[in-house]
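The residues making up each chain are set out below.
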Amino acid sequence: MVKRASVVRKIVLGGETISYSIRRSPRARYLRMTIGVTEGLVVTVPRFGGEHMVESLLRQKAAWILKHTRRMKRHEGKIVLKHSKEEYERNKHAFLAAITKRVEFFNSLYRHQYTKIAIRNQTSLWGSCTRVGNLQFNYKLNFLPQRTIDYVVVHELCHLKEHNHSHKFWALVGKTIPEHKIIRKSLHGYVMQEG
């Protein structure tokens, strides 16, 4: 059974009027809240009953709701990168193969030592490099322009040599991605969200 959103409702919390919708789910055993950039505040309730407790839950969690609602407002106008867990599981191996080719290409220029490459489904980091040389890349890069993906690949490769953001580090990045400042700034226009 597909979850269905009800008519949007409103509640006043801390002097602010907050809109929310209720979804019924046959799998839900208890009330659950989520706040997303596109869908806003959603309360999932069990298939039978539970709706009478929604306002009580919202008032109880008012501080959390206000904090996250304000944070979401800061993301207005940004591009939301969102996908389902099923899509991630289905496509992560193909994306790993593609990102591995880009790592190998750029590392043929840098010749740094790395241990392994992995794909993660993260909501905060585009990529990371560990002290032991493991490179991790966010699956959501799959939805970005190729030059942006290349920038993240080079960024993490250069951390193998410089584990900081010093002038030496940026000089290394600039050898293959001279427009790295522009690309880095463009990444602020995206919001990573759980699917």
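Everything quoted here is computed from the prediction, not taken from an experiment. (Residues numbered from 1 in each chain as written. Predicted model: local features only at pLDDT ≥ 70, side-chain atom pairs only at ≥ 80, totals over all residues. Heavy atoms only, no water.)

Participant: What am I meant to see in helix α5 (residues 167-176) here?
Facilitator: Each α-helix winds once per 3.6 residues, and so residues spaced three or four apart point in a common direction. Looking at α5, one finds that the buried residues are Phe169, Trp170, Leu172, Val173 and Thr176. Taken around the axis of α5, the buried residues stretch over an arc of 155°, which confines them to a single face. Opposite the buried face of α5, by more than 90 degrees, sit the exposed residues His167, Lys168 and Lys175. In this fold, the buried residues of α5 make contact with α3 (85-110), α4 (146-159) and α6 (180-186). (Buried < 20%, exposed > 50% of the residue type's maximum accessible area, 1.4 Å probe, protein only. Helix = DSSP H or I, 4+ residues; strand = E, 2+ residues; numbered from the N terminus. Arc of directions from axis to C-beta. Contact = heavy atoms within 4.5 Å.)

Participant: Just to check I follow, could you spell out the state of the cysteines for this structure?
Facilitator: Simply put, the disulfide is a covalent bond whose two ends are the sulfur atoms of two cysteines. Inspection of every chain in the model, using the stated rule, returns 0 disulfides. Looking at the unpaired Cys129, the closest cysteine sulfur is the one in Cys158, lying at 9.9 Å. (Disulfide = S-S within 2.5 Å.)

Participant: I'm lost on the side chain of Thr69 in this one. Help?
Facilitator: Structurally, Thr69 is set in helix α2 (residues 62-73). Here Thr69 falls in the buried class, since its relative accessible area comes to 15%. A distance of 2.7 Å separates a polar side-chain atom of Thr69 from the backbone oxygen of Ile65. Sequence-distant contacts of Thr69, defined by excluding residues within four places in its chain, comprise Ile18 and Ile35. (Polar contact = N/O pair within 3.5 Å; in protein donor to acceptor, adjacent residues only side chain to side chain.)

Participant: Sorry if this is basic, but what is going on with the packing of α4 against α5 here?
Facilitator: To describe two helices that pack against each other, one gives the angle between their axes and the distance between the axes. Closest axis-to-axis distance for the α4/α5 pair is 9 Å, and the angle between their directions is 140°. By the angle between their axes, α4 is oblique relative to α5. With respect to the hand of their crossing, α4 and α5 are arranged in right-handed fashion. Judged by residue contacts, Arg147, Tyr151, Val154, His155, Cys158 and His159 of α4 engage Phe169, Trp170, Leu172, Val173 and Thr176 from α5. Here the residues of the contact of α4 with α5 are counted per class, giving 7 nonpolar, 3 polar and 1 charged. (Axes fitted to C-alpha atoms, helices over the stretch in contact; angles between N-to-C directions. Parallel < 35°, antiparallel > 145°, perpendicular 65-115°, else oblique. Left-handed = near helix turned anticlockwise from the far one by under 90°. Nonpolar A, V, L, I, M, F, W, Y, C, P; charged D, E, K, R; others polar.)

Participant: Looking at this model, I keep getting lost on the environment of Cys158. Mind explaining?
Facilitator: Topologically, Cys158 is positioned in helix α4. Separated by 13 residues in the primary sequence, Cys158 and Ala171 place their C-alpha atoms 9.5 Å from one another.

Participant: How do you make sense of the side chain of His180 when you look at a structure like this?
Facilitator: If you trace the backbone, His180 turns up in helix α6. Those residues within four positions of His180 in sequence are excluded, and the remaining contacts are Tyr151, Trp170, Val173 and Gly174.

Participant: Sorry, what's going on with unusual backbone geometry here?
Facilitator: Among all residues save glycine, negative phi is the norm, and among peptide bonds the norm is trans. With a phi close to 60°, Arg111 is a non-glycine residue in the positive phi region. Among the structural elements, Arg111 can be located in the loop between α3 and β7 (116-120). By relative accessible area, which is 69% here, Arg111 ends up exposed.

Participant: I keep staring at the environment of Arg47 and nothing clicks. Help me out?
Facilitator: As for its position among the elements, Arg47 is in the loop between β5 (40-46) and α1 (54-60). The exposure class assigned to Arg47 is partly exposed, which follows from its relative accessible area of 43%.

Participant: Is there a simple way to explain the packing of α3 against α4 in this structure?
Facilitator: Between α3 and α4, whose axes approach to 10 Å, the crossing angle comes to 55°. Between α3 and α4, the crossing angle belongs to the class labelled oblique. For the element pair α3 and α4, the recorded crossing hand is right-handed. Taken together, the residues of α4 that come into contact with α3 (itself represented by Ile99, Arg102, Val103, Phe106, Asn107 and Tyr110) are Gln146, Ile149, Asp150, Val153, Val154, Leu157 and Cys158. Looking at the contact of α3 with α4 residue by residue, the class counts come to 9 nonpolar, 2 polar and 2 charged.

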